[in-house]
Amino acid sequence: MISAGFFEILGVNPAMGRTFRKEEDHLGANPTAMISEGLWKRKFGSAPDIIGKRLTLDGVGRTVIGVVPSSFRLRIQNFQRGKQLNDIYLPIGEYNEPQFYSKRGAGWGMDAIGRLKPGVTLEQARADMDRVSRELAAAYPDVDSHEKANLIPLKDEMVGDIRPVLMILLGAVVFVLLICCVNVANLLLARSMSRQREFAVRVALGAGQARIIRQLLTESILLAFIGGGLGLLLADFGTAAVIAAVPRTIPRAEDIGVDFRVLLFTLCVSLLAGIVFGLAPAWNTSRLNIGGALKESGRSVAGTRNRAHGLFVVGEMAMALVLLVGAGLMIRTLFVLWALDIGFNPHNVITFEASPPSSLRQQPPDAVRAFFRQMHDSLASMPEVDAVSLGWGAHPMGSDDEEYFWFVGRPKPARRTEMPMAINYIVEPDYLKALQVALKRGRFLDDGDNEHSPKVVVIDETLAEKYFPGQDPIGQYLDVNTDPSERDKVPNPQIVGVVGHVNQWGLDSDAANPLHAQMYFPSGQIPDKYMSNIAQGAGVYVRGKRASVPSFETLRHRLLGLNGEMVVFDAEQMDETVSQSIASKRFTMMLLAVFAGLALLLASIGIYGVLSYLVGQRTQEIGVRMALGAERFHVLRMILTYGARMTLLGIGIGVVAALGLTQLMSKMLFGVKATDPPTFIMVALTLSAIALLACYIPARRAMK
């Protein structure tokens, strides 16, 4: 549901037809609708005459006036929590719900989007909204005294906190690129040293230093371009695999792909890498001693020590350690998260939404209750189903619903906004069995808690500990008549049980959210005046008896057999719901682990290559040492000592760098500090062991 002018504010033009007009955005207007391009193709076969066609939505005939392009994707964090994109758009002004217009503070979850006037800054707009908030608080002290508007740039709202994640991954990519370039530079440096006699001959025949440097830079740039081209081919295939693993929590993932910007970026990076890392061998050759190189006939370099090799390896080891520490911290975070007690058992549970026929909303309350009882009994009677519960209000790790409350017998605050809030679950008695929530004391809701029995409520242990410290809350009464404008009071429910706290906000977010208290109301005691709203639909939780839960299609077919006009949709395994709550962390860990593995492999190849080259250059020296009595063990120790020195120096520098850089990812961690000692120790030991193994192979060859 949107206002007229919504698409105009966002600069979106319909693929076909037009957008809503002002005269269509009010009660009593001719019912209209816009549909998405996906729905147009999926349900209407891309019919070119779709504009002006009629469709029936919730029993209301509507005229299709426009098609929203598939390129339009608006994901607002606080509003659109669903797994599917919008298919149908309606004018919000024709929403025929009296409470939507007459009741302040009803909590209908409406968002507002606006475009600032030219020249108006966000700070100015926020100051203006602060003024509006103060005026509303003065005019409506009961509901607005503690409310305040908060303006957020739409881009920030859509992108959320993904920017730090992407910056960390970009840094990881840069580190891997640098390690690759360092390896190539080391190889080019070794190759240039073995070609010193060739270059000496060229210089003797008249080639200038600039000519030699140009030749080496040309070779390195050519290598860089060939590598960049092969990398693009791999990226084209690899991107598809990465996108398949991208969680839906990452915005605009569907737009990721290799395009001309990626090609241009790769071209620039390849050119820059070729120039920068081709300078080391070029500069080394420019200082060539021509006479010495010609006299030694290519053997003078055998004893030459080039510190550049060692420095390059040290840099590789340091960067590899930083990446390994980052990946290790993310892995530790995921282990901590998976070990958390989330308060319910998601295994073998499927959840989905079921919307009854729109005619049910005009039925008396008893008919609505009877219909939902039929739904419950129809699913519960299936042989493969262990427990079923319908639910309204909050959904664990999905949607939320909050209610103000107070305590009977305690002095009541003058304003509603000064009262505490709790997450509100409206469920059936089998909810406890369906999600296997722990009962701490008292009892849970049962079949006797219906519209004719005294009102009851079950609270979670967080609410009990916070508001009834050192007391037994069983038998106490909650005051739920907190809205001073509400004329029809409902009986205050009595607390009959306490259950364990359920993780509502996600594995890594629940502890950080200030709202933890939870209340469970029996669906059988929903007041008559709310039954028309309840009739719009319910969430369904189904636990299977054996290792697998019945398929969604089986459950959907069962409900459609009860009433063919029902709409059953949005199915998801509860395991997947829990997994999606940390999907971005898991994705980040996966990529960091891949980059860290590449870095470790490349660093090992680098140290192996350097030592192999040095051993090859010092073969004559080693032979002389052994001819003069040196034992093979001494030769092994000499080579390993040199490799260990480079490794330890690189690890030392890497630890210092990691202590600083991992602070940037502290917000992504959970239950683990950015300076976690076990992670640093394990990474350092692993890197040392692999590096020494890479040193051993050329050292063993030197012994022979």
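Not measured: the values here are computed from a predicted model.

Of the regular secondary structure elements, the chain holds 22 helices and 17 strands. Taking 27 Å as the expected radius of gyration for a compact globule of 704 residues, we find that the chain reaches 34 Å, considerably beyond that expectation. Surface summary for the chain: the accessible area is close to 36300 Å², and the carbon and sulfur share equals 59%. The centroid of the 71 positive side-chain charges in the chain is displaced by 13 Å from the centroid of its 66 negative side-chain charges.

There is a patch of nonpolar side chains on the surface, built from Phe225, Leu264, Leu267, Leu271, Leu272, Ile275, Val276 and Leu279 and spanning about 670 Å² of accessible area. Top element by residues in the nonpolar patch is helix 10 (residues 260-286). It accounts for seven residues. Inspection of the secondary structure puts Leu264 in helix 10.

Moving on to the confidence of the model for the chain. Note: predicted coordinates in regions of low pLDDT should not be interpreted at a detailed level. When the pLDDT values of the chain are averaged, the result is 86; 92% of them are 70 or greater. A low-confidence stretch, residues 77-84 stays under pLDDT 50, and its non-local contacts, those more than four residues away or across chains, total 19 contacts. This model gives residues 297-305 a pLDDT under 50, and the stretch forms 14 contacts once residues within four places in sequence are excluded.

Before going further, it helps to spend a moment on unusual backbone geometry. A positive phi angle, close to 55°, is found at Ser46, a residue other than glycine. Relative to the helices and strands, Ser46 is located in the loop between helix 2 (37-44) and strand 3 (54-57). Here the phi dihedral of Asp570 falls at roughly 60°; this positive angle occurs in a residue that is not glycine. Following the sequence through the fold, Asp570 ends up in strand 17 (residues 567-573).

With that out of the way, let us pick up the packing of helix 13 (residues 365-380) against helix 17 (residues 552-562). Axes are the key here: two packed helices are described by the angle between their axes and the distance separating the axes. The interhelical angle for the contact between helix 13 and helix 17, taken along N-to-C directions, is 135°, at an axis separation of 10 Å. The orientation of helix 13 with respect to helix 17, classified from their angle, is oblique. The crossing of helix 13 and helix 17 is right-handed. Contact residues: helix 13 offers Gln374, Met375, Ser378 and Leu379, while helix 17 offers Leu555, Arg558, Leu559 and Leu562. Split by residue class, the contact of helix 13 with helix 17 holds five nonpolar, two polar and one charged.

Attention shifts here to the pairing of strand 15 (residues 518-522). In terms of burial, strand 15 is a largely internal element, five of the five residues being buried. The side-chain alternation of strand 15 yields two buried faces, one formed by Gln518, Tyr520 and Pro522 and the other by Met519 and Phe521. Pairing analysis gives five bridges linking strand 10 (residues 421-427) to strand 15, with the strands arranged parallel. From the neighbouring strand, Tyr425 faces strand 15, where its bridge partner is Tyr520.

Turning our eyes to something else, we now look at the packing of aromatic side chains. Tallied over the entire structure, the rule returns 17 aromatic pairs. Seen in terms of ring centroids, Tyr425 and Tyr520 are 4.8 Å apart; in terms of plane orientation they differ by 10°. Their pairing is stacked. A residue pair is termed long-range when its members are at least 10 positions apart, and Tyr425 in strand 10 and Tyr520 in strand 15 qualify at 95 residues. Of the two residues examined, Tyr425 and Tyr520, each falls in the buried class. Each member of the aromatic cluster is reached from another via a ring pair, and the members are Phe405, Trp406, Phe407, Tyr467 and Phe468. The residue whose ring lies beneath Arg410 is Phe407, and the NZ or CZ to ring-centre distance is 4.2 Å. It is Arg410 that lies over the ring of Phe468; its NZ or CZ is 5.1 Å from the centre.

Moving on, we come to the pattern of salt bridges. Enumeration over the complete set of coordinates arrives at 21 salt bridges. Where Asp676 meets Arg332, a salt bridge forms, and the shortest distance between an N and an O atom there is 3.0 Å. Of the two residues, Asp676 is situated in the loop between helix 21 (632-661) and helix 22 (677-703) and Arg332 in helix 12 (residues 307-338); the sequence distance between them amounts to 344 residues. Salt bridges sharing partners connect three or more residues here, namely Asp128, Arg131 and Glu135.

A few words now on the nonpolar core. Counting 96 residues, the largest nonpolar core has Phe344, Tyr431, Phe444 and Tyr520 as its most contacted members. Ranked by the residues each element gives to this core, the list is headed by helix 19 (residues 583-617), at 16 residues. Ranked by size, the runner-up nonpolar core spans 46 residues in total, among them Val368, Val457, Ala517 and Val549.

Below, the discussion takes up the packing of helix 20 (residues 619-627) against helix 21. With their axes 10 Å apart at the nearest point, helix 20 and helix 21 run at an angle of 145° to one another. Crossing handedness for the pair helix 20 and helix 21: right-handed. For the pair helix 20 and helix 21, contact is made by Ile622, Arg625 and Met626 and by Arg632, Val635 and Met638, respectively. Classifying every residue of the contact of helix 20 with helix 21 gives four nonpolar, no polar and two charged.

Moving on, we get to helix 9 (residues 209-245). Given a rise of 1.5 Å per residue, 37 residues ought to cover 54 Å, and the 51 Å separating the end C-alpha atoms of helix 9 matches this to within 8%. Within the sequence span of helix 9, burial applies to Ile212, Gln215, Leu216, Leu217, Ser220, Ile221, Ala224, Gly228, Leu232 and Thr239.

The next point concerns the state of the cysteines. For the structure shown, the criterion picks out zero disulfides. No disulfide involves Cys181; its sulfur sits 6.7 Å from that of Cys180, the nearest cysteine. Of all cysteine sulfurs, the one in Cys180 lies closest to Cys695, which takes part in no disulfide; the gap is 20 Å.

Here we come to the environment of Asn563. Of note, Asn563 is situated in the loop between helix 17 and strand 17. Apart from residues no more than four positions distant in its own chain, Asn563 is found in contact with Pro357 and Phe371.

Rules used in this analysis
- Residues numbered from 1 in each chain as written.
- Predicted model: local features only at pLDDT ≥ 70, side-chain atom pairs only at ≥ 80, totals over all residues.
- Heavy atoms only, no water.
- Helix = DSSP H or I, 4+ residues; strand = E, 2+ residues; numbered from the N terminus.
- Rg over C-alpha atoms; globule rule 2.2 N^0.38 Å.
- Areas by Shrake-Rupley, 256 points an atom, 1.4 Å probe, with all protein chains shown as cover.
- Lys, Arg positive; Asp, Glu negative; His and termini not counted.
- Charge placed at Lys NZ, Arg CZ, Asp CG, Glu CD.
- Patch = residues over 30% accessible without salt bridge, like charges linked within 9 Å, V, L, I, M, F, W, Y side chains within 5 Å.
- Salt bridge = Lys/Arg side-chain N within 4 Å of Asp/Glu carboxyl O.
- pLDDT = per-residue confidence, 0-100.
- Contact = heavy atoms within 4.5 Å.
- Axes fitted to C-alpha atoms, helices over the stretch in contact; angles between N-to-C directions.
- Parallel < 35°, antiparallel > 145°, perpendicular 65-115°, else oblique.
- Left-handed = near helix turned anticlockwise from the far one by under 90°.
- Nonpolar A, V, L, I, M, F, W, Y, C, P; charged D, E, K, R; others polar.
- Buried < 20%, exposed > 50% of the residue type's maximum accessible area, 1.4 Å probe, protein only.
- Pairing = 2+ DSSP bridges.
- Phe/Tyr/Trp six-rings, centres within 6.5 Å; stacked < 30°, edge-to-face > 60°.
- Lys NZ or Arg CZ within 6 Å of the ring centre and 35° of its normal.
- Core = buried A, V, L, I, M, F, W, Y, C linked by side-chain atoms within 4.5 Å.
- Expected span 1.5 Å × (residues − 1).
- Disulfide = S-S within 2.5 Å.

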